[in-house]
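Here's the letter readout for the chains.
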Amino acid sequence: MNGGQDLGGMHGFGPVAPEADEPRFHAAWEKRVFGLAMAMGLSGTWNLDASRSAREALPPGEYLTSSYYAIWLKALESQVQAHGLVTPEELATGRGFVPAAPVKRVLRGEEVDPLFARGFPSDRPVPDPARFTVGDRVRARIVNPVGHTRLPRYVRGRTGRIEAVHGGFVFPDTNAQFAGEAPQWLYTVRFAARDLWGDQAEAGHAVSVNAFESYLEPAEPESAA
Amino acid sequence: MNGGQDLGGMHGFGPVAPEADEPRFHAAWEKRVFGLAMAMGLSGTWNLDASRSAREALPPGEYLTSSYYAIWLKALESQVQAHGLVTPEELATGRGFVPAAPVKRVLRGEEVDPLFARGFPSDRPVPDPARFTVGDRVRARIVNPVGHTRLPRYVRGRTGRIEAVHGGFVFPDTNAQFAGEAPQWLYTVRFAARDLWGDQAEAGHAVSVNAFESYLEPAEPESAA
Amino acid sequence: MAHDHDHEDHDHDHHAPHHASELSPMELRVRALESVLVEKGYVDPAALDRLIETYETKVGPHNGARVVARAWVDADFRARLLADATPAMRELGVGGRGGEHMVVVANTQEEHNLVVCTLCSCYPWPVLGLPPVWYKSPPYRSRAVIEPRAVLAEFGVTLPADQRIRVWDSTAELRYMVLPMRPAGTEALDEAALAALVTRDSMIGTGLPRAPGPSA
Amino acid sequence: MAHDHDHEDHDHDHHAPHHASELSPMELRVRALESVLVEKGYVDPAALDRLIETYETKVGPHNGARVVARAWVDADFRARLLADATPAMRELGVGGRGGEHMVVVANTQEEHNLVVCTLCSCYPWPVLGLPPVWYKSPPYRSRAVIEPRAVLAEFGVTLPADQRIRVWDSTAELRYMVLPMRPAGTEALDEAALAALVTRDSMIGTGLPRAPGPSA
């Protein structure tokens, strides 16, 4: 979605502000939100793409004025309610009033280390051959989906070159909507900064994004006109 | 600038919410801000484009969470300080401590009716002939100026057709920066919705913008390649 | 101040009335600005009062409605209005600040027009008055250009599927007014009665004119 | 509560400490969520504690620094790392959640690499730990792709004008680590001493490795 999260190329946010001490968390509640989001993410009720989608769904003004873990919290509150795990009354009081809904798994303390050390790969086999190959000139499609997508606005309609073919990966746009992993070929596409930002772009600068196959089309119209 | 004001095509703001009674102002202070901005706008210290620029310069999160007249107020406070008319201490206390800076004009009560009934036209002669004519296919340039511009992001890089040639008008991008009115030919450019938004665009829908000549280039590269 | 701490400094639209004896932080902030601008001689209080009075009480969509009604009854005027709206409106005494460069776009069976300003709040003040809050707010400004049919549906307007929509994004100093189609069954109405059918929204494109009453 | 009314409900970053006896609205809100999730059996408190402990104390940029130092001293490892980073890092026991699909990009005299995630906060957790706030915040996310040299300058990094910049926007599940150039004058250093020169920022691309100390 064209929401508050799609920040590439925006102006007006001021300087980057590194902190001297860089605490990993800035309040006790941030740690708890982090842990709760991780734990609930493994309940099998939703997936990582759906969580990103829930965060992006905050109204842009709220997204941009909420701290990072406040965004996580609001999204998690929204998800547990949307999936029927917690009622609004339970959220308001912190006490359970209705029986727990079944979840696919409850992450146990002793499972954390082995599961997180192994990780959760997103690569998947794709039966069809890749449409593009390294060196191909491609254009990022002009799309504006209301739902989750990982094609940022700043590359849409712009032309770049395939730089790497990474194999098949879970497609976030469908997965976020629980419409299947529908894996697609994933590419790295390199864009010259001038093609993204125009003649005033900083010199000697290029940007690469990872783009799923359906985000791309050949830069020159295909032969059958 | 690619700021919080450039809203065309964004998602996530929710439904349009008309009010039943539609008061023109929602608090007494809003009327005062409106009047002050109008009056100060005629002081000759800045121009309308500079005022728009000052409003857009609010950080995007603040812009999107401020009410309309709160945006006007913050911009006006910023302008009177930036132009040396009012000091921060004066603004904080509401009392003058340093002598007034000269302004080009002070709008008098009896001038309001005739001046506002006449208006303030923005058309200006442009010596050179218009580069484009009705029917020409043009592409909105890919530009991302840090300063004020009136070319919205959603048309940049997109192709449309010249539908009207309006004559010369003050160029906002320079005027906002007090770099001259530098008038340019102004056009109406019509874009098919599919060319702006992709295949999922609503059917039978087109969008027109008013675009200054330097915002546009011929859609097909010009002959001298 | 004591009762205001968690309200007015958020700058969101707040419509709650305040006791006259309690000024909100925003009222105090604006009062300070006004005081110093007046004290230093930059603003004449009489001009301020006149500006507010003008835009609060004088200008409004009745001006646009008169223009529309005239165009419905006078084909020559309609032609002049569509060819060059600013002088045509001046014939009816309509014009001024915010209406220096008017463009009138006529609805037809084939195409419906809708006006927006995605970048700020451009609006033909002397024709329609100050814009309503929704016109200046992110939902309308973001959506009118990308999903106008959905926006129109929220206003209760459902157009025939084969009627195209043309959205006019007011990105320069041209200001748009929609000329709606004259409703059926209004042959007997005079110009004043016709003007009474012309809603503000019908001149933005988010509405259609009222149907004539049963007595018409 | 009495002293918190105008602070915590804004959700901005607030770093002010709180008295232990006063829970902010955000603390109370999160405590309610945690309580009900635990009470209903969705969350095992032991898992929660372990997750927080792991990411607060265990993972961090020391992992990435070991990888970089190894690549500086071992040309075969470097080649494996650049060809397929995930298994190469596994040789050093580095990997896991958030690092399933690692890509390492090597700085050269000709090109400097910079990593960002404009859409959220993608970051190689097992290699660099949790990202700092600035990496997740709008200024960096918006600007890194459009004006990377200006961003680098704010980090105190000024590159030669003829060194190109390549920005990697982490828009899928690939995670990037920058392999910085080995600083001059480090020929005598062992792998552990080299790792100590590798800053977190040098593996994001917003910094360069430390120069060796005078004793090196």
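Residues numbered from 1 in each chain as written. Chains lettered and ligands numbered in written order. Predicted model: local features only at pLDDT ≥ 70, side-chain atom pairs only at ≥ 80, totals over all residues. Heavy atoms only, no water.

(A) Just the overall build of chain C, in detail. Per the secondary structure count, chain C includes 11 helices and four strands. Within chain C, the fraction of its 216 residues that count as buried is 59%. In chain C, the proportion of contacts linking residues at least 24 apart, taken out of those at least 6 apart, comes to 64%. Put simply, chain C shows about 8400 Å² of open surface, and 53% of that area lies on carbon and sulfur atoms. (Helix = DSSP H or I, 4+ residues; strand = E, 2+ residues; numbered from the N terminus. Buried < 20%, exposed > 50% of the residue type's maximum accessible area, 1.4 Å probe, protein only. Contact = heavy atoms within 4.5 Å. Areas by Shrake-Rupley, 256 points an atom, 1.4 Å probe, with all protein chains shown as cover.)

(B) Region of interest: the overall build of chain A. Looking only at helices and strands, chain A features eight helices and five strands. The order of α-helices and β-strands along chain A, N terminus first, is α-α-α-α-α-α-β-β-α-β-α-β-β. Considered along the principal axes of its C-alpha atoms, chain A spans approximately 65 × 45 × 30 Å. For chain A, the residues scored as buried account for 57% of the 225 residues in total.

(C) Region of interest: the pairing of strand 2 (residues 159–169) of chain B. Bridging between strand 1 (residues 137–140) of chain B and strand 2 of chain B involves three bridges; their strand directions are antiparallel. By the bridge assignment for strand 2 of chain B, B:Arg137 is matched with B:Arg161. (Pairing = 2+ DSSP bridges.)

(D) Region of interest: the packing of aromatic side chains. Under the counting rule described, the total for this entry stands at 46 aromatic pairs over all chains. Residues B:Tyr154 and B:Trp197 carry aromatic rings whose centres are separated by 5.2 Å and whose planes lie at 20° to one another, so their mutual orientation is stacked. With B:Tyr154 in the loop between strand 1 and strand 2 and B:Trp197 in helix 8 (residues 193–197), this pair connects stretches of sequence that are 43 residues apart. On the accessibility criterion, B:Tyr154 (3% relative accessible area) is buried. B:Trp197 gets classed as buried once you look at its relative accessible area, which sits at 3%. Connected via pairs of aromatic rings, a cluster forms that spans A:Phe25, A:Phe34, A:Tyr68, A:Tyr69, A:Trp72, A:Phe116, A:Phe120, D:Tyr55 and D:Trp125. If you follow B:Arg55 out to its NZ or CZ, it ends over the ring of B:Trp72, 4.1 Å from the centre. A cation over an aromatic ring shows up here: D:Arg166 above the ring of D:Trp168, its NZ or CZ 4.8 Å from the ring centre. (Phe/Tyr/Trp six-rings, centres within 6.5 Å; stacked < 30°, edge-to-face > 60°. Lys NZ or Arg CZ within 6 Å of the ring centre and 35° of its normal.)

(E) Examining the domain arrangement of chain A more closely. All names here are of chain A. Assigned domains within chain A: domain 1 (28–118) and domain 2 (137–218). Here the C-alpha centroids of domain 1 and domain 2 sit 28 Å apart. On the side of domain 2, seven residues touch domain 1, which itself brings nine residues to the contact. Linking domain 1 with domain 2 are zero salt bridges. Counting across the interface, domain 1 meets domain 2 through three residue pairs in polar contact (both at pLDDT 80 or more). Tallied by class, the residues present in the side of domain 1 that touches domain 2 amount to two nonpolar, four polar and three charged. (Domains from an automatic or database assignment. Salt bridge = Lys/Arg side-chain N within 4 Å of Asp/Glu carboxyl O. Polar contact = N/O pair within 3.5 Å; in protein donor to acceptor, adjacent residues only side chain to side chain. Nonpolar A, V, L, I, M, F, W, Y, C, P; charged D, E, K, R; others polar.)

(F) Focus on the packing of helix 2 (residues 48–56) of chain A against helix 4 (residues 68–82) of chain A. All names here are of chain A. As a packed pair, helix 2 and helix 4 sit with axes 8 Å apart at the nearest point and diverge in direction by 110°. Between helix 2 and helix 4, the angle is such that the two are roughly perpendicular. Considering the relative orientation of helix 2 and helix 4, their crossing is right-handed. Across from Ala-50, Ser-51, Ala-54 and Arg-55 in helix 2, the residues of helix 4 making contact are Ile-71, Trp-72, Ala-75 and Gln-79. Along the lines of polarity and charge, the residues of the contact of helix 2 with helix 4 split into five nonpolar, two polar and one charged. (Axes fitted to C-alpha atoms, helices over the stretch in contact; angles between N-to-C directions. Parallel < 35°, antiparallel > 145°, perpendicular 65-115°, else oblique. Left-handed = near helix turned anticlockwise from the far one by under 90°.)

(G) Just helix 2 (residues 48–56) of chain B, in detail. Among the nine residues that make up helix 2 of chain B, eight are buried, leaving the element largely enclosed by the rest of the structure. B:Asp49, B:Ala50, B:Ser51, B:Arg52, B:Ser53, B:Ala54, B:Arg55 and B:Glu56 are the residues of helix 2 of chain B that are buried. Packing partners of the buried residues in helix 2 of chain B comprise helix 3 (60–65), helix 4 (68–82) and helix 7 (172–175) of chain B together with strand 4 (175–179) of chain C.

(H) Broad picture of the interface of chain D and chain A. Of the residues lining the interface, 84 residues belong to chain D; the matching set on chain A comes to 96 residues. Summed over both sides, the interface between chain D and chain A buries roughly 7700 Å², with carbon and sulfur atoms accounting for 59% of that surface. Taken together, the links from chain D to chain A amount to 10 salt bridges. For A:Glu90, the salt bridge goes to D:Lys40, with nearest N and O atoms at 2.9 Å. Going through the elements one at a time, helix 1 (25–39), helix 2 (45–58), helix 7 (133–136), helix 8 (138–143), helix 9 (148–154), strand 3 (164–169) and strand 4 (175–179) of chain D are the ones with two or more residues in the side of chain D that touches chain A. Residues of the side of chain D that touches chain A, tallied by class, amount to 40 nonpolar, 16 polar and 28 charged. Inspection of the sheet shows strand 4 (residues 205–212) of chain A paired to strand 3 of chain D by five bridges, in the parallel sense. Among the inter-strand pairings, A:Val207 is bridged to a residue of strand 3 of chain D, identified as D:Val167. (Buried area = accessible area lost by both parts, 1.4 Å probe.)

(I) Summary view of the sheet that holds strand 3 (residues 184–192) of chain B. Strand order in the open sheet formed by seven strands is 5(B)-1(B)-2(B)-3(B)-4(B)-3(C)-2(C), and the pairing between neighbours is mixed. Of all strands in the sheet, those with a lone pairing partner are strand 5 (216–218) of chain B together with strand 2 (111–116) of chain C, marking the two edges. Geometrically, the sheet is characterised by an average inter-axis angle of 35° between neighbouring strands, direction not taken into account.

(J) The side chain of C:Thr54, seen in detail. With respect to the element layout, C:Thr54 can be found in helix 2 (residues 45–58). C:Thr54 sits in the buried class, given a relative accessible area of 8%.

(K) Spatial organisation of the packing of helix 3 (residues 61–73) of chain D against helix 4 (residues 75–83) of chain D. Residues and elements named next belong to chain D. In the contact formed by helix 3 and helix 4, the axes pass within 5 Å of each other and the chain directions differ by 125°. Taken as axis vectors, helix 3 and helix 4 run oblique relative to one another. The element helix 3 and its partner helix 4 pack so that their crossing is left-handed. When helix 3 is examined against helix 4, the residues Val-67, Arg-70, Ala-71 and Val-73 are found in contact with a partner set consisting of Ala-75, Phe-77, Arg-78 and Leu-81. Classifying every residue of the contact of helix 3 with helix 4 by side-chain character gives six nonpolar, no polar and two charged.

(L) Looking closely at the sheet that holds strand 3 of chain D. Pairing is mixed across the open sheet formed by seven strands, whose spatial order is 5(A)-1(A)-2(A)-3(A)-4(A)-3(D)-2(D). Among the strands making up the open sheet, the edge pair consists of strand 5 (216–218) of chain A together with strand 2 (111–116) of chain D. Across the sheet, the axes of successive neighbouring strands diverge by a mean angle of 35°, strand direction being ignored. Alignment of strand 1 (residues 137–140) of chain A against strand 5 of chain A, held across three bridges, turns out to be antiparallel. By the bridge assignment, A:Arg139 is partnered in strand 5 of chain A with A:Glu217.

(M) Fine view of the confidence of the model for chain C. Residues and elements named next belong to chain C. For chain C, per-residue confidence averages 91 on the pLDDT scale, and residues scoring 70 or more make up 89% of the total. Here residues 1–18 is modelled with pLDDT under 50, and outside its nearest four sequence neighbours on either side it reaches 35 contacts, counting other chains as well. For this predicted complex, the interface score ipTM comes out at 0.93, while the overall pTM is 0.93. (pLDDT = per-residue confidence, 0-100.)

(N) Just unusual backbone geometry, in detail. Residue and element names in this part refer to chain A. Although it is not a glycine, Ala-182 adopts a positive phi angle of roughly 35°. Along the polypeptide, Ala-182 turns up in the loop between helix 7 (172–175) and strand 3 (184–192). We classify Ala-182 as partly exposed; its relative accessible area is 38%.

(O) Here's a closer look at the pairing of strand 4 of chain C. Buried residues dominate strand 4 of chain C, accounting for five of its five residues. The alternating pattern of strand 4 of chain C places C:Arg175, C:Met177 and C:Leu179 and C:Tyr176 and C:Val178 on opposite faces, both of which are buried.

(P) Representation of the pattern of salt bridges. Under the defined criterion, the tally for this structure stands at 50 salt bridges over all chains. B:Glu22 is the salt-bridge partner of C:Arg200, the closest N and O atoms lying 2.8 Å from each other. Of this pair, C:Arg200 sits in helix 11 (residues 200–204) while B:Glu22 sits in the segment before helix 1 (28–41), on two different chains. For B:Glu22, a relative accessible area of 26% translates into the label partly exposed. In this structure, D:Glu154 and D:Arg143 form a salt bridge, with 2.8 Å as the shortest nitrogen-oxygen distance. Placement of the pair is D:Glu154 in helix 9 and D:Arg143 in helix 8, with a sequence separation of 11 residues. Relative accessible area serves as the criterion here: at 38%, D:Glu154 is assigned to the partly exposed category. By relative accessible area, which is 9% here, D:Arg143 ends up buried. One network of salt bridges, in which partners are shared, links A:Asp49, A:Arg52, D:Glu173 and D:Arg175.

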